[in-house]
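# Inside the fold
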Amino acid sequence: MLIKIENIKTESTETENIQAGEMGTTYIEGRDIPSIRYHIFQNMSFVRDGFSTRAGGVSSGQFESMNFSIKMGDRPENVRKNFSLFLEAHGFQNPVMSDQTHTANIKRVYREDAGKNVFLPKDYSDIDGLVTNEKGITLVTTFADCVPLYFADEKNRAIGLAHSGWKGTIGRIGKAVTDRMKQEFGTEPEDIKAAIGPSICVNCYEVSKELAEDFAKEFHSEIFQCKTFENNREAFDVWDMEKIVLKRGDKYYLNLWAANNRVLTEAGIPQENIAFPDLCTCCNHEDLFSHRASRGKRGNLCAFFMIEE
């Protein structure tokens, strides 16, 4: 699951689409400031999606270079500049960013929220999901291994974006977004196109026995015992959406991709309407920020989703 961003670092500003990962669900758009995009949204002309990489920003050190987090210790002026660069490069405007605390809380975003928690102070807290039907407003959520979830309802011209760590996953934030879009915009789950964004894969996400057992109970899933192959990271099939909790030797692992896929399908979104991730943030930590790979010394990536004007 390699992203090979170094192959597109050139001085040219010409846009070029390059496949990002092994499964082919994503592609990279842009050379100097790359953005990871999903093919599932390409034919939906009313939306613009994006996911940042580490390339193209002004931050340095552990934040090099496209970092969107002030909380991790980067200079606020660097983070604001990075936002300006990415937004301009990829046609996003009027960003509104969540205030993530691993909840399943959802906020409806209005035009008057434009700029909040990016360029302007926020007046909300404990928000891990955003929904809107406002044109020209960009929903923004932030990541460094947790799972981005994108939702687009072309029929009612509405979108959602969520941050789903293990707490949000077990709290079914994907269903919370789907329910809120139905409540606010009349969205039916079968009309949603969704994407599970770049995040940590099962081979990289070792967890405690207690957390593994909690997930197995919550998702009515057995713990799958897998063979142990020394130095073989392919012992788990990262795209097997049937296995949520796995065990290799005496170690436990979670497949957050499979768990979130289960949440989305149980919420009523058809399986054929869900795009899987084909990039692991931890496997690709040189190109994508990863909390697990860096042991906490990192910046933050962001997901972006906007209804076109």
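Summarised in this report is the structure supplied together with it. Predicted model, so just to flag it, every value in this text is computed and none were measured.

In this section: the overall build of the protein. Across its full length, the protein carries six helices and 17 strands. Here the C-alpha atoms of the protein give a radius of gyration of 18 Å, agreeing with the 19 Å that 2.2 N^0.38 yields for 309 residues. Accessible surface, the protein: about 13100 Å² in total, of which carbon and sulfur atoms supply 43%. Looking at the protein, you have 37 positive and 46 negative side-chain charges, and the mean spots of the two groups are 4 Å apart.

Before going further, it helps to examine the sheet that holds strand S12 (residues 206-207). A sheet is described by the order of its strands in space; here four strands give the open sequence S12-S15-S14-S13, paired in mixed fashion. Both outer strands of the open sheet, S12 and strand S13 (223-226), are each paired with one neighbouring strand and no more. Pairing between strand S14 (residues 245-248) and strand S15 (residues 251-254): four bridges, direction antiparallel. In the strand pairing of S15, valine 245 is matched with leucine 254.

The next point concerns the side chain of serine 221. The topology assignment puts serine 221 in the loop between helix H4 (209-218) and S13. With near-sequence residues (within four places) excluded, serine 221 lies in contact with Ala216, Ile244 and Val245.

Moving on: the pattern of salt bridges. As enumerated under the stated definition, the model contains 16 salt bridges in all. Of the charged contacts, one joins aspartate 123 and lysine 116 as a salt bridge, the two residues approaching to 3.0 Å between their closest N and O atoms. Note that glutamate 218 and arginine 172 form a salt bridge whose closest N and O atoms lie 2.4 Å from each other. A residue pair is termed long-range when its members are at least 10 positions apart, and glutamate 218 in helix H4 and arginine 172 in the loop between helix H2 (166-170) and helix H3 (173-185) qualify at 46 residues. Residue class for glutamate 218 comes out partly exposed when judged on its relative accessible area of 32%. Overlapping salt bridges, with partners in common, bring together Lys107, Asp113, Lys116 and Asp123 in one network.

Relative to the helices and strands, serine 84 resides in helix H1 (residues 76-89). The class of serine 84 is partly exposed, set by a relative accessible area of 33%. Separated by 27 residues in sequence, serine 84 and glycine 57 place their C-alpha atoms 9.7 Å apart.

Of the two faces of strand S2 (residues 26-29), the one holding Thr26 and Ile28 and the one holding Tyr27 and Glu29 are both buried throughout. Judged from the three bridges that link them, strand S1 (residues 17-19) and S2 form a sheet pairing that is antiparallel. Residue pairing for S2: isoleucine 18 is matched across the bridge by isoleucine 28. In sequence, S1 turns back onto S2 through a hairpin of six residues, with glycine 24 there showing a positive phi of about 80°. Relative to strand S3 (residues 35-38), S2 runs antiparallel, the two being bridged by four bridges. Within the sheet, the bridge partner assigned to isoleucine 28 lies in S3 and is isoleucine 36. Linking S2 to S3, which pair antiparallel, is a turn of five residues; within it glycine 30 sits at a positive phi near 100°.

Conventions we followed
Residues numbered from 1 in each chain as written. Predicted model: local features only at pLDDT ≥ 70, side-chain atom pairs only at ≥ 80, totals over all residues. Heavy atoms only, no water. Helix = DSSP H or I, 4+ residues; strand = E, 2+ residues; numbered from the N terminus. Rg over C-alpha atoms; globule rule 2.2 N^0.38 Å. Areas by Shrake-Rupley, 256 points an atom, 1.4 Å probe, with all protein chains shown as cover. Lys, Arg positive; Asp, Glu negative; His and termini not counted. Charge placed at Lys NZ, Arg CZ, Asp CG, Glu CD. Pairing = 2+ DSSP bridges. Contact = heavy atoms within 4.5 Å. Salt bridge = Lys/Arg side-chain N within 4 Å of Asp/Glu carboxyl O. Buried < 20%, exposed > 50% of the residue type's maximum accessible area, 1.4 Å probe, protein only.

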